[in-house]
Amino acid sequence: MARKFLYIIAALIVVVFVGRIALTFYGTDLARVALVPSRGFEGAPPLPANAYDDPKLWYSRPGVADDPAHFRPTGLANDTAQGQAAVFFVHPTSYFERGHWNAPLDDAGSQATARQMLRGMASAFGNFPAIWAPRYRQATFGAFLSDKPEARAALDLAYRDVAQAFAAFVAANPDRPIILAGHSQGAFLLKRLMMDQVAGKPLARRVVAAYLVGWPISLEHDLPRLGLPACAAKGQSGCVVSWLSYAQPADTHDTLAGYARFSALDGKSPGNSPFLCSNPLTGGVGGSAPASANPGTLVPDADAASGKLVAAMVPARCDASGFLLIGPPPELGPYVLPGNNFHVYDFPLFWSAVRVDALARDAAWQAAK
């Protein structure tokens, strides 16, 4: 067990190291040389039609042993409330190699890192017994630094896997309400999935909420095509939540430049258009809340094998540009990115608040239906 945790720590150190290089030199030749694959796009055939019937292609799903999404940190109250919705969670980028444009499904390093990320993020939905988190051939981190057609092809391949996993998830949960959640690359892929599979479809009536965290949702170019409005208040169901966390002073220049590489859902560049900033402490759009309103931040232990909840640790305030500001940098660990970017901690910062928020929206959906 100790060796397993040390392996995970080593993987996370690599993730943070390359992430710091990439974001420090975002868009420069140095970053592209270091992280963007130089080979052509290999392509890959679609997975077999029934691939996601196999539990081995899921990090989390009912019946999976040692499910990372059901991790319980120290300090968590003996909360017995259970939600009714089935949760579909897409993990963020955990593959940083330049040998391939897409992570092989048998890549041990990216899988170990993905499991660790799910422990800190998807576990916020642990009151829901049915959490499904698929393995998928994610695009390597360098795809987000490149304008090459291979980068788009890599993201298209990742999307096809996620869409196929989602179809299996829906088939396994034909009548239940659903929660969609993802972070970073996971949120990027989910917003496309919502445009294709939710907007204007009967399935939209089953969506309790969509937590598209760590990727900006343009109010003008994305939100109208998701098929659901932004969540305006606590306890509202059938809506979208999104935020990007920065401590102060915040330098958001590189993040904005990076996101501008990608077309929005309407096919246009998001440019400098404002994006959705949900406040996880109020449940609405914009506004501010003091640290005393934060019921629990998930603070990892030194070995990242476990963690504890700390109440009243960070506040939350949406600024005019759409970023969520959390005050002075809190001590959460070594994975803070340049510019006081707490991207890696978007979910852990508000772990208990997300837990409460999801249950409230699930109860509201049940009451309405």
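Fair warning: this is a prediction, and the values are worked out from it, not measured in the lab.

S.K.: I'd like a description of the sheet that holds strand 12 (residues 324–325), backed by residues and values.
M.R.: Here four strands make up an open sheet; going across it, the order is 7-12-11-8 and the pairing mixed. Looking at the sheet topology across the chains shown, the edges are occupied by strand 7 (245–246) and strand 8 (288–289). Pairing analysis gives two bridges linking strand 7 to strand 12, with the strands arranged parallel. Among the inter-strand pairings, Ser245 is bridged to a residue of strand 12, identified as Leu324.

S.K.: Explain the state of the cysteines to me, and be specific about the residues and the numbers.
M.R.: Summed over the entire model, instances satisfying the criterion amount to two disulfides. One disulfide in the model links Cys231 with Cys239; its S-S distance is 2.0 Å. Its S-S torsion of approximately 90 degrees makes the covalent link between Cys231 and Cys239 right-handed. As far as the burial class goes, Cys231 and Cys239 line up, both buried. Between Cys277 and Cys318 runs a disulfide, and the two sulfur atoms are separated by 2.1 Å. Judged by the torsion about the S-S bond (-85 degrees), the Cys277/Cys318 disulfide is left-handed. Pair noted here: Cys277 is in the loop between helix 6 (253–259) and strand 8 and Cys318 is in strand 11 (residues 316–318), with a separation of 41 residues, a long-range link. Of the two residues, Cys277 and Cys318, both sit in the buried class. Look at the protein and number its bonded cysteines as they come in the sequence; the links are 1-2, 3-4.

S.K.: So what about the pattern of salt bridges? Which residues, and what values?
M.R.: Within this structure, the stated rule accounts for five salt bridges. Across the pair Arg361 and Asp357 runs a salt bridge whose closest N-O atoms are separated by 2.7 Å. With a gap of four residues between them, Arg361 and Asp357 both fall in helix 7 (residues 351–368), about one helical turn apart. Asp357 shares its class with Arg361; the two are buried.

S.K.: Could you give an account of the confidence of the model for the protein, naming the residues involved and the relevant values?
M.R.: Overall, the predicted model of the protein reaches an average pLDDT of 89, with 89% of residues at or above 70. Every residue in residues 1–28 is under pLDDT 50, and counting partners more than four places away or in other chains gives 46 contacts.

Thresholds applied
- Residues numbered from 1 in each chain as written.
- Predicted model: local features only at pLDDT ≥ 70, side-chain atom pairs only at ≥ 80, totals over all residues.
- Heavy atoms only, no water.
- Pairing = 2+ DSSP bridges.
- Helix = DSSP H or I, 4+ residues; strand = E, 2+ residues; numbered from the N terminus.
- Disulfide = S-S within 2.5 Å.
- Buried < 20%, exposed > 50% of the residue type's maximum accessible area, 1.4 Å probe, protein only.
- Salt bridge = Lys/Arg side-chain N within 4 Å of Asp/Glu carboxyl O.
- pLDDT = per-residue confidence, 0-100.
- Contact = heavy atoms within 4.5 Å.

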